[in-house]
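Read off the chains here:
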Amino acid sequence: MRAISTNRRRLKIGFKGIANTVDEKELGYAFSNRAHNVTFERGILSAAIGMDAAAGFFEYPNKSRHTFAKFASSKSIKNVFTYNYNAAGTPDYRIVVQLADGTFWFTKIMTESGWAQISDLTITGDVEAVNYRYNGEDILLLASKDDQLYYIKGNVAYACNEAPHFASITIHSERVFGAVNGAKTRLWFSDDFNPANWTIDLAGAGFVEFADECGNIVKVISFLGYLYVFRDYGIFRLTAYGDQESFVLKKVFTDTGRIYKNSIVLAGDKIIFLADEGLFAFDGYDVVRIAKEFPRVYDADEAVGAYLDKRFYLACKIDAGEEYATGFRNNAVVVFDMFDKSLSELVGVDVRAIREVKTHSGSMLVCAFDKTYKNRLGMISDSGQVFGSNLKKTYASPFSDLGTAACKTIRELQVRSKHDVTVTVKTDENSYTFDVVGSDNTKRIIVEKSGVRIGIELCSEEQKLEIAPVVAVVDFMNE
């Protein structure tokens, strides 16, 4: 009988990040296309992602936090906004929420104060909000395509009865600009320094009409001295200073596929947005695709974005496997680090609204939920938990034949995990599970299993995770 010769290799299953654009049969073992509730930190697999109860701050030197109160279990938070109100020269940072019943409530971020309802204000439709310094006072403008334009001043709401119904608004050069419901290719603007005056006049309010094929206006943003108008299939720049007769409109980009409104986020010196062709960054002149490995987003109209501390966050629906194929509006928050270009996916959370909160004592990302936790606010954290319950953390290597149809035998795995972890070895149609007790030392797992295709999966329900790259000792049968 002829002896079968083998070639022994040590395969390093490293943690360099998520790769979604390469089929796993072609993907190297340093990357994964299924890594949930884990993060990648200098080659170590960690779990610095989670969702905690949202908590406000106190004034320095008190560094403790106070948790925002829940609403009654029958209530549901639909959207969340920030309102930076300056009361007699003192910053009064507030969070304003819209409930599903259309009522609005606020709480103070720097004081443990509970929720107070804003009287005489009910809007049931989708709302956009923008902070505005008007006549020496801080107001919060609230726009809805289905309702009147309102503004909150302090604890009181006022209606702008003459204003159109806006689907999107912003403040630019002391005017309110907005896209109007029912005339979605028309950009309206208010009188100078007066958001309540919408009388069309060369010295007052007016509008700009778009007559091309780029679709409806979805969002308007004031950015780097210009007003940028995002439409379904393009971006336009409006130079709008002083007299409206001097306004200049220019098309700047039209090649990303459809642009999704609630993903459009101001991110420092860029605007980030999701389109049919992926995730993009716009600097006012050029559009560049970023996060090439960003997962495919389903039902993208429901996706909502935010930006904080050089990270872009998108609450969205992705293919996270059968376990997370829920009835949620969104089943994940995908995080893209603008600095090191890494991706991480917080899965199993039904975030419907996400908002950055910045105060002189700290910052955070606050979230509202569609179903689970619908009556309370959460905040993105590095806890490895969701409201105190440990997240299930999963990392799967490619399930691959490593470029050869020859049979392979996994002799052993070398695992160094600081916390308990379950290791699953997959070979063709079979899988084998090994429990590894957390330790500072490397553990040897004797496997002795064979197959043409092989893969490794790591799973943990511990709060913390710290795993060094796994080494697999594999014998390849010579063809």
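Reading the values: the criteria
- Counting of residues starts from 1 at the beginning of each chain's written sequence and follows it residue by residue.
- Owing to the predicted nature of the model, reporting of local features is limited to residues with pLDDT of at least 70; listing and counting of side-chain atom pairs is limited to 80 or more, with chain, interface and lining totals taken over all residues.
- Excluded from the side-chain calculations are hydrogens and water; all other atoms, namely the structure's heavy atoms, are used.
- By the criteria applied, helices consist of DSSP H or I runs no shorter than four residues and strands consist of E runs no shorter than two, each listed in order from the N terminus.
- The contact rule is simple, with two residues in contact once any of their heavy atoms fall within 4.5 Å.
- Note on areas: these come from Shrake-Rupley sampling with a 1.4 Å probe, and a residue is covered only by the protein chains present in the view.
- None of His or the chain ends enter the tally, which takes Lys and Arg as positive and Asp and Glu as negative.
- In this description, the location of a charge corresponds to atom NZ of lysine, CZ of arginine, CG of aspartate or CD of glutamate.
- Two strands are counted as paired when DSSP detects at least two bridges linking them.
- Angles run from 0 to 180 degrees between N-to-C directions of axes, and those axes are lines fitted to C-alpha atoms, restricted for helices to the stretch in contact.
- Here, nonpolar core refers to any group of buried Ala, Val, Leu, Ile, Met, Phe, Trp, Tyr and Cys residues whose side-chain atoms link them within 4.5 Å.
- Burial classes follow relative accessibility: with a 1.4 Å probe on protein chains only, a residue under 20% of its type's maximum area counts as buried, one over 50% as exposed, and anything between as partly exposed.
- Patch rule: a residue counts if its relative accessible area is over 30% and it has no salt bridge; like charges are joined within 9 Å, and nonpolar side chains (Val, Leu, Ile, Met, Phe, Trp, Tyr) within 5 Å.
- Here, a salt bridge means any side-chain nitrogen of Lys or Arg that lies within 4 Å of a carboxyl oxygen of Asp or Glu.

Caption draft 1: Looking closely at the overall build of the protein. The helix and strand inventory of the protein stands at 0 helices and 44 strands. Expressed as lengths along the three principal axes of its C-alpha atoms, the size of the protein is roughly 100 × 50 × 35 Å. Partitioning the intrachain contacts of the protein with sequence separation of at least 6 by distance along the chain shows that 54% fall at a separation of at least 24. Entry remark: accessible area of the protein is about 21,500 Å², with carbon and sulfur atoms responsible for 45%. For the protein, the separation between the mean place of its 56 positive charges and that of its 62 negative charges on side chains is 5 Å.

Caption draft 2: Inspection of the pairing of strand S15 (residues 156-160) at higher detail. The sheet contact formed by strand S14 (residues 149-153) and S15 spans 5 bridges and is antiparallel. Residue Lys153 lies in a different strand from S15, and its bridge partner there is Val156. Here S14 hands over to S15 after 2 residues, with Gly154 in that stretch at a positive phi of 70°.

Caption draft 3: A look at the sheet that holds strand S26 (residues 278-282). Spatially, the 4 strands line up as an open sheet ordered S24-S25-S26-S27, and their pairing is antiparallel. Of all strands in the sheet, those with a lone pairing partner are strand S24 (265-267) and strand S27 (287-290), marking the two edges. Taken over all neighbouring pairs, the strand axes of this sheet differ in orientation by 35° on average, direction set aside. Here S24 runs beside strand S25 (residues 270-275); their pairing, made up of 3 bridges, is antiparallel. Bridging from a neighbouring strand, Val265 pairs with Ile272 of S25.

Caption draft 4: Structural view of the nonpolar core. One finds Leu45, Leu279, Leu413, Val423 and Leu458 to be the most contacted residues of the largest nonpolar core, which totals 56 residues. It is strand S44 (residues 470-477) that provides the largest number of residues to this core, a total of 4 residues. Formed by 22 residues, the second largest nonpolar core is a distinct cluster that contains Ile77, Val97, Met364 and Met379.

Caption draft 5: Fine view of a negative patch on the surface. A cluster of acidic residues, Glu41, Asp382, Asp440 and Glu466, forms a negative patch on the protein surface. By the element assignment, Glu41 lies in strand S3 (residues 39-41).

Caption draft 6: Focus on the environment of Leu266. Structurally, Leu266 is set in strand S24. Separated by 54 residues in the primary sequence, Leu266 and Ala320 have C-alpha atoms spaced 28 Å apart. In this view, Leu266 contacts Phe223, Ile271 and Tyr307; residues no more than four positions away in its chain are not counted.

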